[in-house]
Amino acid sequence: MRIVFLGPPGAGKGTQAQRLMAEHGMVQVSTGDLLRDAVKRGTPAGLRAKEKMDAGALVSDDIVLEMIRDRLAAPDTRRGFILDGFPRNVPQAEALDPELAAIGQQLDAVILLEVDLDILMKRITGRRTCSLTGKLLNIHFSPRAELEACTGAGGTLVQRADDNEATIGKRLAVYREQTEQLVPFYEQRGLLRRVSGEGSMDEVYARLLRELGLAR
Ligand code: B4P
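Now for a quick tour of the structure. Just so you know, these numbers come straight off a predicted model, no measurement behind them.

**Focus: the site of the ligand**
- Of all residues adjacent to the ligand, which total 34 residues, the nearest are Thr15, Thr31, Ala57, Arg127 and Arg171.
- Gly85 places a polar main-chain atom, nitrogen or oxygen, 3.1 Å from a nitrogen atom of the ligand.
- Note that a nitrogen atom of the ligand is positioned 2.9 Å from one of the side-chain N or O atoms of Gln92.
- Considering the ligand on its own, with 1,000 Å² of exposed area, one finds that the protein chains cover 97% of that surface.
- Taken together, the elements giving at least two residues each to the shell around the ligand come down to α1 (13-24), α2 (31-41), β6 (136-138) and α10 (201-211).
- Among the elements that make up the shell around the ligand, the one with the highest residue count is α2 (four residues).

**Notes on the sheet that holds strand β5 (residues 127-130)**
- Strand order across the open sheet formed by three strands is β6-β5-β7, with antiparallel pairing between neighbours. Of all strands in the sheet, those bounded by a partner on one side alone are β6 and β7 (157-158).
- Where β5 lies against β7, two bridges are found, and the strand directions are antiparallel. Across the sheet, Thr129 pairs through a bridge with Val158, a residue of β7.
- Taken strand by strand, helix α6 (residues 117-126) contacts β5 and β6, and its axis lies near 35 degrees from that of β5.

**Let's talk about the side chain of Gln92**
- As for its placement among the helices and strands, Gln92 is situated in helix α5 (residues 90-102).
- Separated by 2.8 Å, the side chain of Gln92 and the backbone nitrogen of Arg88 make a polar contact.
- Among all residues touching Gln92, those that are not within four sequence positions of it are Val59, Asp61, Val64, Phe86 and Pro87.

**Structural notes on the packing of aromatic side chains**
- Following the criterion strictly, the structure yields one aromatic pair and no others.
- Where Phe185 meets Tyr186, the ring centres are 5.0 Å apart and the plane angle is 85 degrees; that geometry is what we call edge-to-face.

**What about unusual backbone geometry?**
- Cis geometry marks the peptide bond from Phe86 to Pro87; its omega dihedral reads -5 degrees.
- Checked against the element boundaries, Pro87 lands in the loop between β3 (81-84) and α5.

**Remarks on α2**
- Along α2, the positions that sit buried rather than exposed are Thr31, Gly32, Leu35 and Ala38. Buried residues of α2, seen end-on, are gathered within an arc of 125 degrees and therefore sit on one face of the element. Facing away from the buried side of α2, by more than 90 degrees, are the exposed residues Lys40 and Arg41.
- Residues of α2 that are buried in the fold lie against β2 (28-30), α3 (44-55), α4 (61-72) and β3.
- Residue Gly42 follows α2 closely and has a positive phi angle near 70 degrees.

The rules behind each value
Residues numbered from 1 in each chain as written. Predicted model: local features only at pLDDT ≥ 70, side-chain atom pairs only at ≥ 80, totals over all residues. Heavy atoms only, no water. Near = heavy atom within 4 Å. Polar contact = N/O pair within 3.5 Å; in protein donor to acceptor, adjacent residues only side chain to side chain. Areas by Shrake-Rupley, 256 points an atom, 1.4 Å probe, with all protein chains shown as cover. Helix = DSSP H or I, 4+ residues; strand = E, 2+ residues; numbered from the N terminus. Pairing = 2+ DSSP bridges. Contact = heavy atoms within 4.5 Å. Axes fitted to C-alpha atoms, helices over the stretch in contact; angles between N-to-C directions. Phe/Tyr/Trp six-rings, centres within 6.5 Å; stacked < 30°, edge-to-face > 60°. Buried < 20%, exposed > 50% of the residue type's maximum accessible area, 1.4 Å probe, protein only. Arc of directions from axis to C-beta.

Below is the structure:
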């Protein structure tokens, strides 16, 4: 199955993609994670991306497309993948088609995770990543046991540089101005499926499984 996860920052794209990967063997391709990794390693692309990411802006299409091209060339994506956070504007969506054609693949569905603005703010400001496992957590919503499993094992709960209130406003504006244009783009192609991203992580996951025909 080849899927795109679309939705505003904090909608839960990464959270749900990680779980689909763990429980259904789907490969998560997150441009946000690929970019953060490039920043961490100090690659030329990472150095160019950092400023944009910290400001809540989109990183330039050429950098993101090169990362996607390299990632989709890896053998583990042959059985399918979830594109998490890509494409994020119409030029990226248009560039995706020839990339997929080159590897003989096409999209099966585009999942739009819909979440109210007030909820998004709380999710983003509370988001943390465990320094040991990379697991996505939230100081407001994750069970205490999951947070303590990380800190108890000597890990720290790391907050992303762009998860502060000033930057979040900018990221939401970028979503409305650029990424939301992908809703009619994929609707016209008959690929768009709307899934409510509100409620608990388990509730959202159950809705997704039903929508993808994976519910047992
Ligand atoms: P991303 O890494 O894609 O991050 P995101 O959109 O902010 O978050 P996501 O929707 O995945 O939310 P999550 O599951 O973490 O992008 C970061 C930056 O990278 C961008 O701003 C941009 O600069 C750059 N970038 C990335 N892709 C690009 C592209 N294609 N082109 C150009 N630039 C690009 O969930 C958020 C929090 O909520 C977590 O703490 C989670 O635990 C919690 N949560 C999730 N679901 C919940 C639920 N149901 N209930 C309660 N809490 C929940």
